[in-house]
Amino acid sequence: ATLETGTSPPCHTSDLPIFGSQHRRRADSLRAGSMSGAARKEVISLYRELLRHSNRFSNYNFKEYALRRTREDFRANRNVTDGARVAELLAKGKGDLEVVRRQAALSSMFKPDMEYVINVHKSRM
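None of the values given here were measured: they were computed from a predicted structure. (Residues numbered from 1 in each chain as written. Predicted model: local features only at pLDDT ≥ 70, side-chain atom pairs only at ≥ 80, totals over all residues. Heavy atoms only, no water.)

Moving on, we get to the layout of surface pockets. In this structure, the largest pocket occupies an estimated 630 Å³ of space. Lining the largest pocket are 26 residues, with Leu50, Asp73, Phe74, Gly93 and Asp96 sitting closest to its centre. Taken together, the elements giving at least two residues each to the lining of the largest pocket come down to helix H1 (37–54), helix H2 (60–76) and helix H3 (83–109). In terms of residues, the lining of the largest pocket owes the most to one element, H3, which gives 9 residues. When grouped by side-chain class, the residues that make up the lining of the largest pocket number 16 nonpolar, 5 polar and 5 charged. (1 Å grid on protein atoms, 1.4 Å probe; cavity = no way out; pocket = protein on both sides within 12 Å on 5 of 7 lines; lining within 4 Å. Points joined across faces, edges and corners; volume = space filled by probe spheres on them. Helix = DSSP H or I, 4+ residues; strand = E, 2+ residues; numbered from the N terminus. Nonpolar A, V, L, I, M, F, W, Y, C, P; charged D, E, K, R; others polar.)

Okay, here's the thing in structure tokens:
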């Protein structure tokens, strides 16, 4: 998505191309038409908590899976505006957060004895 001369800029920041990890947390992707401000803040808070706890897995595959599922699920439901459905999804998300917290804690207690290839390459760079 490049801008040509004489064209107007995108109307919303979510229309801009995403570069780097700092933009992955953009709240614009969580916008909802008629969602109340309090519900919106709760959704964004839940999203950030899920990402934060997903990053605590010691196993690379578990970590990437949890991060990918969190992003995919929130993107799939980004346009939900029905209050009852939002509440239902929040309840499910809070349950998922508890599972991720518990599993990440267990993951940190039982770290593998071997080092993963991806970690070896990062440490040598």
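Val43, Leu46, Leu50, Phe57, Phe74, Val86 and Leu90 are the most contacted members of the largest nonpolar core, which totals 15 residues. Within the residue set of this core, elements represented by two or more residues are H1, H2 and H3. The residues contacting Leu90, other than those within four sequence positions of it, are Glu42, Val43 and Leu46. (Core = buried A, V, L, I, M, F, W, Y, C linked by side-chain atoms within 4.5 Å. Buried < 20%, exposed > 50% of the residue type's maximum accessible area, 1.4 Å probe, protein only. Contact = heavy atoms within 4.5 Å.)

Glancing now at the side chain of Ser107. If you trace the backbone, Ser107 turns up in helix H3. With a relative accessible area of 11%, Ser107 lands in the buried category. Not counting chain neighbours up to four residues away, the residues in contact with Ser107 comprise Phe57, Ser58 and Asn59.

The full count for this structure, using the stated rule, is 8 salt bridges. A salt bridge links Lys94 to Glu42; the nearest nitrogen and oxygen atoms lie 2.5 Å apart. Here Glu42 lies in helix H1 and Lys94 lies in helix H3, a separation of 52 residues in the sequence. Residue Lys94 is classed as partly exposed on the basis of its relative accessible area of 41%. A salt bridge links Glu72 to Arg68, with the nearest nitrogen and oxygen atoms 4.0 Å apart. Of this pair, Glu72 and Arg68 both sit in helix H2, 4 residues apart, which is roughly one turn of the helix. Judged by relative accessible area, Arg68 falls into the partly exposed class, the value being 41%. Residues participating in the shared-partner salt-bridge network are Glu49, Arg52, Glu98 and Arg101. (Salt bridge = Lys/Arg side-chain N within 4 Å of Asp/Glu carboxyl O.)

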